[in-house]
Amino acid sequence: MAIPKAYTLTIGGSTFAIDSTPVQQTGDATIESNVYNIWGTVSSLTITKGIEKPNVINMYVVRFTAGEGCAITFDGFALNWYGGSVPTWNAGSTYEINIVDNLALWAEFTPSAS
C-alpha cells in the first residue's frame, strides 16, 4: 500500500497542506500531529496524544493491522467516533484513523480472499 507524503485538508473554503511524513512505530507511542504513524499487526496498543502545534490544524494519523483480540486505547484524546461508537477491531483488517478536533474518522481495509 503506497503511503502518501502529504495531505491537503479543506475547511470552510480554506485549504491547508499537512506534511504526513511516515513514521514506523513499534509498541505503545506518544504521537505528534501531522505525522503518519504506522504500526504492523498489534493485539494491544496505547496511543498517547502529543503536544499540539500552534497556529496549524493538528491532524493525528494512525494506521495498524488488528491482531486477535485487539485492544486499542487512545490517551489524551476526547474522541467522537464517526458512526457514534468505537469500531470493532477485526483481526486481519487494517485500519486508518484520522483525528482532527477530537473527531475520529476511520476506514477498515479487509484483505480479499484469493
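Residues numbered from 1 in each chain as written. Predicted model: local features only at pLDDT ≥ 70, side-chain atom pairs only at ≥ 80, totals over all residues. Heavy atoms only, no water.

### Some remarks on the overall build of the protein chain
- Scanning the protein chain from N- to C-terminus turns up zero helices and nine strands.
- Beginning at the N terminus, the succession of helices and strands in the protein chain can be written as β-β-β-β-β-β-β-β-β.
- A buried classification covers 40% of the 114 residues belonging to the protein chain.
- Considering only contacts within the protein chain whose residues lie at least 6 apart along the sequence, 47% involve residues at least 24 apart. (Helix = DSSP H or I, 4+ residues; strand = E, 2+ residues; numbered from the N terminus. Buried < 20%, exposed > 50% of the residue type's maximum accessible area, 1.4 Å probe, protein only. Contact = heavy atoms within 4.5 Å.)

### As for the side chain of Asn34
- Positionally, Asn34 belongs in the loop between strand 4 (29-31) and strand 5 (35-49).
- We classify Asn34 as buried; its relative accessible area is 11%.
- Polar contacts involving the side chain of Asn34 include one to the main-chain carbonyl oxygen of Ile57, which spans 3.3 Å. (Polar contact = N/O pair within 3.5 Å; in protein donor to acceptor, adjacent residues only side chain to side chain.)

### Here we look at the environment of Ile97
- The residue Ile97 is located in strand 8 (residues 94-100) in this model.
- Taking the C-alpha atoms as reference points, Ile97 and Arg63, 34 residues apart in sequence, are found 6.4 Å from one another.
- Setting aside residues up to four positions removed in sequence, Ile97 forms contacts with Tyr60, Val61, Val62, Phe64, Phe74, Trp81, Trp89, Ala104, Leu105 and Trp106.

### Here's the deal with the environment of Ser44
- Note on placement: Ser44 falls in strand 5.
- Placed 25 residues apart in sequence, Ser44 and Gly69 show a C-alpha to C-alpha distance of 8.1 Å.
- If we ignore the near neighbours within four places in the chain, the residues touching Ser44 are Asp28 and Ala71.

### Overview of the nonpolar core
- Formed by 21 residues in total, the largest nonpolar core has its most connected members in Trp39, Phe64, Ile72, Phe74, Trp89 and Ile97.
- Sort the elements by how many residues they give to this core and strand 6 (residues 59-75) lands first, with seven residues.
- Setting aside chain neighbours within four positions, we find Ile72 in contact with Val42, Leu45, Ile47, Phe64 and Trp89.
- With six residues, the next largest nonpolar core counts Tyr36, Ile38, Ile57 and Val61 among its residues. (Core = buried A, V, L, I, M, F, W, Y, C linked by side-chain atoms within 4.5 Å.)

### Details of the pairing of strand 8
- Along strand 8, seven of the seven residues are buried, which leaves the element largely enclosed by surrounding structure.
- Bridge count for strand 6 against strand 8 is seven bridges, and the pairing is antiparallel. In the strand pairing of strand 8, Thr65 is matched with Thr94.
- Sheet topology note: the strand 8/strand 9 (residues 103-109) ladder contains seven bridges and is antiparallel. Bridged to Thr94 within strand 9 is Phe109. (Pairing = 2+ DSSP bridges.)

### Section: the packing of aromatic side chains
- Taken as a whole, this structure holds eight aromatic pairs when the rule is applied.
- Ring geometry for Phe64 versus Trp89: centroids 5.3 Å apart, planes at 70°, classification edge-to-face. Of this pair, Phe64 sits in strand 6 while Trp89 sits in the loop between strand 7 (80-81) and strand 8, placing them 25 residues apart in sequence. Here Phe64 and Trp89 have matching classes, each one buried.
- Between Phe74 and Trp81, the ring centres sit 5.7 Å apart and the planes meet at 70°, which makes this aromatic pair edge-to-face.
- Classification of Trp81 by relative accessible area gives buried; the value is 12%.
- Of the aromatic side chains, those joined through ring pairs into one cluster are Tyr60, Phe64, Phe74, Phe77, Trp81, Trp89, Tyr95 and Trp106. (Phe/Tyr/Trp six-rings, centres within 6.5 Å; stacked < 30°, edge-to-face > 60°.)

Shape descriptors only; they carry no functional weight alone.
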